[in-house]
Amino acid sequence: MNPAIHTARRTPSSGRRNAGRWFGLAALLPLLSGCSNLELFNPKGSIAEQEMQLILVCTGLMLLVVVPVILLTLYFAWRYRESNTRATYAPDWSHSTAIEVVVWTIPCLIVVVLGVLIWRSTHALDPYRPIASDKAPLRVEVVALNWKWLFIYPDHNVATVNELVMPVDTPVAFKLTSESMMNAFFVPQLGSMVYTMAGMQTRLHLIGHTPGTYAGMSSAYSGSGFSDMKFDARVVTEADFQQWLVQARGTGEHLGATRLEVLETPTHGAPMQRFASVDAGLFSGVVRRYGGMPDDEICLPGEEPGATSQLVSLAAPASRTAEN
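Residues numbered from 1 in each chain as written. Predicted model: local features only at pLDDT ≥ 70, side-chain atom pairs only at ≥ 80, totals over all residues. Heavy atoms only, no water.

A.B. asks: So what exactly am I meant to see when it comes to the overall build of the chain here?
C.D. replies: Assigned secondary structure in the chain consists of 6 helices and 13 strands. Relative to its full complement of 324 residues, the chain shows a buried share of 44%. In the chain, of all internal contacts separated by at least 6 residues, the share reaching a separation of at least 24 is 73%. Accessible area for the chain stands at about 16,900 Å²; split by element, carbon and sulfur atoms hold 62% of it. (Helix = DSSP H or I, 4+ residues; strand = E, 2+ residues; numbered from the N terminus. Buried < 20%, exposed > 50% of the residue type's maximum accessible area, 1.4 Å probe, protein only. Contact = heavy atoms within 4.5 Å. Areas by Shrake-Rupley, 256 points an atom, 1.4 Å probe, with all protein chains shown as cover.)

A.B. asks: Is there a simple way to explain the environment of Asn157 in this structure?
C.D. replies: Within the secondary structure layout, Asn157 lies in the loop between β2 (148-153) and β3 (158-161). Between the C-alpha atom of Asn157 and that of Ala276, which follows or precedes it by 119 residues, the distance is 7.2 Å. In this view, Asn157 contacts Ala276, Ser277 and Val278; residues no more than four positions away in its chain are not counted. Engagement of the side chain of Asn157 in a polar contact is seen with the backbone nitrogen of Val278, the distance being 3.1 Å. (Polar contact = N/O pair within 3.5 Å; in protein donor to acceptor, adjacent residues only side chain to side chain.)

A.B. asks: Sorry if this is basic, but what is going on with helix α4 (residues 238-249) here?
C.D. replies: Each full turn of the α-helix corresponds to 3.6 residues, which orients residues three or four apart in the same direction. For α4, built from 12 residues, the straight-helix expectation of 16 Å at 1.5 Å per residue is met to within 8% by its first-to-last C-alpha distance of 17 Å. Within the sequence span of α4, burial applies to Phe241, Trp244, Leu245 and Ala248. On an axial view of α4, the arc spanned by its buried residues comes to 105°, and they lie on one face. Opposite the packed face of α4, turned more than 90 degrees from it, sit the exposed residues Ala239 and Val246. On its buried face, α4 is in contact with β1 (138-145), β2, β3, β4 (163-167), β10 (230-236) and β12 (273-275). (Expected span 1.5 Å × (residues − 1). Arc of directions from axis to C-beta.)

A.B. asks: It is not clear to me how unusual backbone geometry should be interpreted in this structure. Could you clarify?
C.D. replies: Leave glycine aside and you will find that most residues have negative phi; peptide bonds, for their part, are mostly trans. For the bond from Asn146 to Trp147, the omega torsion is -5°, close enough to zero to count as cis. Look at Asn162: it is not a glycine, yet its phi comes out positive at around 60°. Mapping Asn162 onto the fold places it in the loop between β3 and β4. According to the relative accessible area criterion, Asn162 is buried, its value standing at 6%. In this structure, Asp169 takes a positive phi of about 60° despite not being glycine.

A.B. asks: Help me out: how do you make sense of the sheet that holds β4 in this one?
C.D. replies: Strand pairing in a sheet relies on backbone hydrogen bonds. The paired strands run either parallel or antiparallel. Reading across from one edge, β4-β10-β9-β6-β7 is the order of the 5 strands in this open sheet, with mixed pairing throughout. Here the strands that pair on one side only, and so sit at the sheet edges, are β4 and β7 (191-196). Geometrically, the sheet is characterised by an average inter-axis angle of 20° between neighbouring strands, direction not taken into account. Note that strand β9 (residues 212-218) and β10 share 6 bridges and pair antiparallel. Paired with Gly216 across the two strands is Phe231, which belongs to β10. Contacting β4 and β10, α4 runs over the sheet at an angle of about 140° to β4. (Pairing = 2+ DSSP bridges. Axes fitted to C-alpha atoms, helices over the stretch in contact; angles between N-to-C directions.)

A.B. asks: Sorry, what's going on with the packing of aromatic side chains here?
C.D. replies: Aromatic ring pairs: the centre-centre distance and the angle between the two ring planes describe each pair. The tally for this structure, following the rule as stated, stands at 13 aromatic pairs. Members of the aromatic cluster, connected to one another through ring pairs, are Trp149, Phe151, Phe174, Phe185 and Phe231. (Phe/Tyr/Trp six-rings, centres within 6.5 Å; stacked < 30°, edge-to-face > 60°.)

A.B. asks: Help me understand the nonpolar core in this model?
C.D. replies: Generally speaking, soluble globular proteins have nonpolar side chains that are buried together. Formed by 36 residues in total, the largest nonpolar core has its most connected members in Val140, Phe151, Tyr153, Leu164, Phe174 and Phe185. Contributing elements (two or more residues each) for this core: β1, β2, β4, β5 (172-178), β6 (183-187), β8 (202-206), β10 and α4. The contacts of Phe151, once residues within four sequence positions are left out, are Val140, Glu141, Val142, Val158, Ala159, Thr160, Asn162, Glu163, Leu164, Phe185 and Phe231. (Core = buried A, V, L, I, M, F, W, Y, C linked by side-chain atoms within 4.5 Å.)

A.B. asks: Even after reading the chapter, I still don't get the sheet that holds β2, so can you show me in this structure?
C.D. replies: Here we have 6 strands laid out as an open sheet, ordered β8-β5-β1-β2-β3-β12, and mixed in their pairing. The sheet is open, and its two edges are formed by β8 and β12, each paired on a single side. In this sheet, adjacent strand axes meet at a mean angle of 20° when their direction is disregarded. Sheet topology note: the β3/β12 ladder contains 3 bridges and is antiparallel. Looking at β12, one finds that Thr160 is bridged to Arg274. Docked against the sheet, helix α6 (residues 282-289) engages β1, β2 and β5, running at close to 40° with respect to β5.

Structure below.
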């Protein structure tokens, strides 16, 4: 299977994926007690699930070298201690072909396996690659401010500060930029982290399969208010999403250039805010402010400027697949 083909959820028929997961979990079992509280190991979206599996498999493969080396080091220190007269004393020994073959072949094979696995995963989990689905993606424009997150929903003409709401099982297509310092957008339980920079625009595609409220954050230091630059990422049912839109439109607040200037003022621990309407092109204006390119001039490799990103056909509803 082409690594770029997207499938929505994990499929039980994928034996290699299950085998890889159990292999990684078995290798890390002594270290993973209490990991239900660790967000990276408690994924709520297919992208995060595949990234967790990749972490476990890669760590397990590397432990195939690390664990034996540690155990053999302890064994040799005990076996060849000065007081053990039964151990062979060979001060002139310097070479063993068998040992050389083992200590070089096994690590080389592991490096090859890791290289192939990571190459495939890098392409399959490319954050720029859209998630194909029978549902239209929800477009969200993200602006990193000091020190808060602004989310604009251009198709619904609403915006929020420090609140991201998305329907369950619906792909979300993000466009991201920064108003000033570089930041990093990250919802660990949903998947990939992407950096934002002033005058530049990047993309990210995520999906949530389990309703709930998940921690969103900036994972790159950007000044004194960095530690408070957090937001709620809520995955809700379609009915709850429509109700949330009604609530947002009921605030009567308008987000325009003047209000944006107020939001750009550095603050610590900014509260959640909602806006009933947004000036058209506000996100593009932030990108252009620092000489950035408009969206229709940014394209993926092989695309022409202004072309719609091509979706890869699916065998099942929505997600990027790291394996196969």
